[in-house]
Amino acid sequence: MKPAPFKYAKAGSVEEATALLDEHGDDVKVLAGGQSLIPLMNMRLARPEVLIDINGIESLSGIEVNGGLTIGATTRHAAVIRSGEVQRFAPIIGEAMRHVGHVGIRSRGTFGGSVAHADPASEIPTIVLALDAELTVAGLAGERTVAAEDYFVSTFTTEMEDNELLTAVRFPYPLDHAVWSFHEVARRHGDFALVGVAAVAEVDDAGVCTRARVALSGVADVPVRVKAAEELLVGSAISDVAEEAGRLAEREIDPGADFHASAEYRKEVARALVTRALNDMATKGESR
Ligand SMILES: Cc1cc2nc3c(=O)[nH]c(=O)nc-3n(C[C@H](O)[C@H](O)[C@H](O)COP(=O)(O)OP(=O)(O)OC[C@H]3O[C@@H](n4cnc5c(N)ncnc54)[C@H](O)[C@@H]3O)c2cc1C
């Protein structure tokens, strides 16, 4: 299949990219790894008149630890997975990303492309939410920062304007004193998950949880935090409340049904995955 005709422009800087985006209004799309956009164009589900290629903007690619962990928007999935800095700072990121597609997709697809694409079944937006990431967005007036919780609006829709560019994702705190777990259920390895869970907690010397994040993919039109489960965890030993937290997750979500799974199935999987993730974390906490 072939896309509808389009014009192509290659931006050399963030300023040039945002100026081009502004010039072309709603008929324009950013081209990052192309692993979501090009299939949509080939199927004629997207018909942008202009593509702005951001792959040549050097400042958008790279991984840096400087207080927090910053991943540039065009950093390829494979580079994030291989990164020693990511592994040391927040190993859950690499663990979740091993579930993304296949080798070819991970070689081209970009971290920022996945966040900006905002597929609610994707691993990366769920991790971004679970780790309280801060997103840097550039526009004509300069840069602004958006909290992950405010960024995802609905399926394939974020709070960015059409003339804005996601430039980087910053994870503000390391997970070196935290326990974490990532699980998902997909029909085949590499498929988008039917449901996924990313959970992170800090536990004090007495084994009591002092801070928790539990985020789910595939159960709403955006990745969601299960705040009732997080509240239950704080002040408890994780193993004591893992089952109940799973039941709270099942009760709190209202997933839709589609070709792949019924709403009831997704609720049941969410319950099981939350309990499994928390039991994992309890075991990791005991062995530290
Ligand atoms: C067969 C297949 C299986 C896949 N399986 C999975 C999976 O299991 N899990 C998963 O998470 N993903 C999966 N993907 C998608 C893959 O991870 C993509 O790489 C990712 O969704 C988009 O990143 P990209 O860099 O390719 O973005 P592109 O395809 O280039 O762009 C996607 C969208 O985001 C916009 N965009 C991109 N970058 C920016 C930016 N910096 N600022 C503003 N807007 C931007 C584009 O304009 C476009 O609308 C799969 C893809 C394929 C083809």
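Residues numbered from 1 in each chain as written. Predicted model: local features only at pLDDT ≥ 70, side-chain atom pairs only at ≥ 80, totals over all residues. Heavy atoms only, no water.

Chemist: Help me understand the site of the ligand, please; the structure alone is not making it clear to me.
Modeler: The immediate surroundings of the ligand are formed by 30 residues, with Val30, Gln35, Leu37, Thr110 and Ser122 found nearest. Within the side chain of Ser122, a nitrogen or oxygen atom sits 2.5 Å from an oxygen atom of the ligand. Protein coverage of the free-state accessible area of the ligand, which is 970 Å², stands at 88%. Grouping the constituent residues of the shell around the ligand by class yields 13 nonpolar, 14 polar and three charged. (Near = heavy atom within 4 Å. Polar contact = N/O pair within 3.5 Å; in protein donor to acceptor, adjacent residues only side chain to side chain. Areas by Shrake-Rupley, 256 points an atom, 1.4 Å probe, with all protein chains shown as cover. Nonpolar A, V, L, I, M, F, W, Y, C, P; charged D, E, K, R; others polar.)

Chemist: Explanation requested: the domain arrangement of the chain in the structure shown.
Modeler: When the parts of a complex come together, some accessible area is lost, and that lost area is often taken as the interface size. Here the chain is partitioned into domain 1 (7-53), domain 2 (58-171) and domain 3 (181-286). Each of domain 1 and domain 2 has a C-alpha centre, and the two are 18 Å apart. Each side of the interface is counted separately: domain 1 has 14 residues, and domain 2 has 16 residues. Together domain 1 and domain 2 conceal approximately 1,100 Å² of surface at their shared face, both sides included; 70% is due to carbon and sulfur atoms. Of all residues in domain 1, Val14, Thr18 and Gln35 bury the most surface against domain 2, accounting for 39% of the area lost on that side. Summed over the shared surface of domain 1 and domain 2, the result is zero salt bridges. At six residues, helix H1 (residues 14-24) tops the list of elements feeding residues into the side of domain 1 that touches domain 2. Of the residues in the side of domain 1 that touches domain 2, the class split is seven nonpolar, five polar and two charged. (Domains from an automatic or database assignment. Contact = heavy atoms within 4.5 Å. Buried area = accessible area lost by both parts, 1.4 Å probe. Salt bridge = Lys/Arg side-chain N within 4 Å of Asp/Glu carboxyl O. Helix = DSSP H or I, 4+ residues; strand = E, 2+ residues; numbered from the N terminus.)

Chemist: Looking at this structure, how should I read the packing of aromatic side chains?
Modeler: Where two aromatic rings form a pair, the distance of their centres and the angle of their planes describe that pair. A full pass over the atoms with the stated rule returns two aromatic pairs. Ring centres of Phe111 and Phe171 lie 6.2 Å apart, and the angle between their planes is 70 degrees; on these two criteria the pair is classed as edge-to-face. Note that Phe111 is positioned in helix H7 (residues 111-117) and Phe171 in strand S10 (residues 165-171), a separation of 60 residues in sequence. Looking at Phe111, the relative accessible area reads 1%, which means it is buried. Look at Phe171 and you get buried, because its relative accessible area is 1%. Between Tyr151 and Phe152, the aromatic rings sit 5.1 Å apart at their centres with planes inclined by 90 degrees, giving edge-to-face as the arrangement. (Phe/Tyr/Trp six-rings, centres within 6.5 Å; stacked < 30°, edge-to-face > 60°. Buried < 20%, exposed > 50% of the residue type's maximum accessible area, 1.4 Å probe, protein only.)

Chemist: What's the story with the packing of helix H11 (residues 238-252) against helix H12 (residues 263-286) in this structure? I'm lost.
Modeler: Any two packed helices are characterised by the angle at which their axes cross and by the distance between the axes. Relative to each other, H11 and H12 sit at 160 degrees, their axes nearing to 8 Å. Between H11 and H12, the interaxial angle falls into the category roughly antiparallel. Between H11 and H12 lies a crossing whose hand is right-handed. Two secondary-structure elements touch here, H11 through Ile238, Ser239, Ala242, Glu243, Ala245, Gly246, Arg247, Ala249, Glu250 and Arg251 and H12 through Lys267, Glu268, Arg271, Val274, Thr275, Leu278, Asn279, Met281 and Ala282. Tallied by class, the residues present in the contact of H11 with H12 amount to eight nonpolar, four polar and seven charged. (Axes fitted to C-alpha atoms, helices over the stretch in contact; angles between N-to-C directions. Parallel < 35°, antiparallel > 145°, perpendicular 65-115°, else oblique. Left-handed = near helix turned anticlockwise from the far one by under 90°.)

Chemist: I'm lost on H12 in this one. Help?
Modeler: Each full turn of the α-helix corresponds to 3.6 residues, which orients residues three or four apart in the same direction. Along its 24 residues, H12 runs 35 Å from first to last C-alpha, staying within 8% of the 34 Å computed at 1.5 Å per residue. The complete set of buried residues in H12 reads Ala263, Arg266, Val269, Ala270, Leu273, Val274, Thr275, Ala277, Leu278, Met281 and Ala282. Looking at the packing, one finds that the buried side of H12 touches strand S11 (178-185), strand S12 (195-203), strand S13 (209-217), helix H10 (227-233) and H11. (Expected span 1.5 Å × (residues − 1).)

Chemist: It is not clear to me how the pairing of strand S3 (residues 50-53) should be interpreted in this structure. Could you clarify?
Modeler: Here is the key point about a regular strand: its side chains alternate between the two faces of the sheet. Side chains Val50 and Ile52 of S3 all project onto a buried face; the interleaved residues Leu51 and Asp53 project onto the opposite face, where all are buried too. With four bridges connecting them, strand S1 (residues 7-10) and S3 associate as parallel partners. Paired with Ala9 across the strands is Ile52, a residue of S3. As paired strands, strand S2 (residues 28-31) and S3 are joined by four bridges and run parallel to one another. (Pairing = 2+ DSSP bridges.)

Chemist: Looking at this structure, I do not really get a nonpolar patch on the surface. What am I missing?
Modeler: Together, Met1, Met43 and Leu45 make up a nonpolar patch on the protein surface, roughly 400 Å² of accessible area in all. Position of Met43 among the secondary structure elements: in the loop between helix H2 (37-42) and S3. (Patch = residues over 30% accessible without salt bridge, like charges linked within 9 Å, V, L, I, M, F, W, Y side chains within 5 Å.)

Chemist: Sorry, what's going on with the environment of Val226 here?
Modeler: Position of Val226 relative to the elements: it lies in the loop between strand S14 (224-225) and H10. For Val226, a relative accessible area of 1% corresponds to the buried category. Sequence separation of Val226 and Ala130 is 96 residues, and the distance between their C-alpha atoms is 10.0 Å. Excluding residues within four positions of it along the chain, Val226 makes contact with Val214, Leu216, Ala249 and Glu252.

Chemist: Is there a simple way to explain the environment of Ala147 in this structure?
Modeler: If you trace the backbone, Ala147 turns up in strand S7 (residues 142-147). As for Ala147 and Arg170, which are separated by 23 residues in sequence, their C-alpha atoms are 9.8 Å apart.

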